[in-house]
Amino acid sequence: MDIETNAIVKRAEQSSKMDQYAISAIKGVQKVTVQANPIPKKGYLIRIPLTKSYKVKNKWFESLITEIILIYDPSTEHQGRLILYDDENTPMFFDIEYNFTDFLKTLDIKE
C-alpha cells in the first residue's frame, strides 16, 4: 500500500519466496522502534502473509506469527521497520536493517 495515497498498488500471491523475504526482515531486527509515529509520510506498507506459521523469539518479542508488515521509507537506505502482531493481536514496531532493493524488484515496485 502506498502510504501517501493510501492505495493498494500491488498484490502478490503467498509463496515460499515471500516467506524468505519475511524471515530475512525478521532476522534484521535491530531494536524496538522508539518513535511516536513510526510510519513515514511517504513509502509503502507491505503486508506479507506467510504460507505457514513462524516462531519469532528475540529479547523483545516471542510469538508464533502468520504475517508481517514491512514499512519501507525511501529516504532511508537499507533500513526500515517491521510490524509483528502477538497472540493478542497487539502490534509491535521494530527498526530493521534490510535491503529492500531485491524485494521491491520482485514486486515490481519502483524505489
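Criteria and thresholds
Residues numbered from 1 in each chain as written. Predicted model: local features only at pLDDT ≥ 70, side-chain atom pairs only at ≥ 80, totals over all residues. Heavy atoms only, no water. Helix = DSSP H or I, 4+ residues; strand = E, 2+ residues; numbered from the N terminus. Contact = heavy atoms within 4.5 Å. Salt bridge = Lys/Arg side-chain N within 4 Å of Asp/Glu carboxyl O. Buried < 20%, exposed > 50% of the residue type's maximum accessible area, 1.4 Å probe, protein only. Pairing = 2+ DSSP bridges. Axes fitted to C-alpha atoms, helices over the stretch in contact; angles between N-to-C directions.

(A) Fine view of the environment of E4. Relative to the assigned elements, E4 resides in the segment before helix 1 (16-27). Considering only alpha carbons, one finds E4 and Y44, 40 residues apart in sequence, at a separation of 8.3 Å. If sequence neighbours within four positions are ignored, E4 has contacts with K41 and K42.

(B) Representation of the pattern of salt bridges within the structure. This model, assessed by the stated rule, comprises four salt bridges. A salt bridge links E62 to K55, with the nearest nitrogen and oxygen atoms 3.5 Å apart. Judged by its relative accessible area of 48%, E62 falls in the partly exposed class. Ionic pairing is found between D95 and R81, a salt bridge with its closest N-O pair at 3.0 Å. A residue pair is termed long-range when its members are at least 10 positions apart, and D95 in strand 5 (residues 91-97) and R81 in strand 4 (residues 79-85) qualify at 14 residues. Comparing D95 with R81, the two get one shared label, buried. Several salt bridges share partner residues, and in doing so they unite K31, R81 and D95 into one network.

(C) Representation of the sheet that holds strand 3 (residues 62-72) within the structure. Sheet architecture is open: five strands sit in the order 1-5-4-3-2, paired in antiparallel fashion. At either margin of the open sheet sits one strand with a lone partner, and together these are strand 1 (29-32) and strand 2 (44-57). The sheet shows a mean angle of 30° between the axes of neighbouring strands, direction not considered. Note: strand 3 against strand 4, three bridges, orientation antiparallel.

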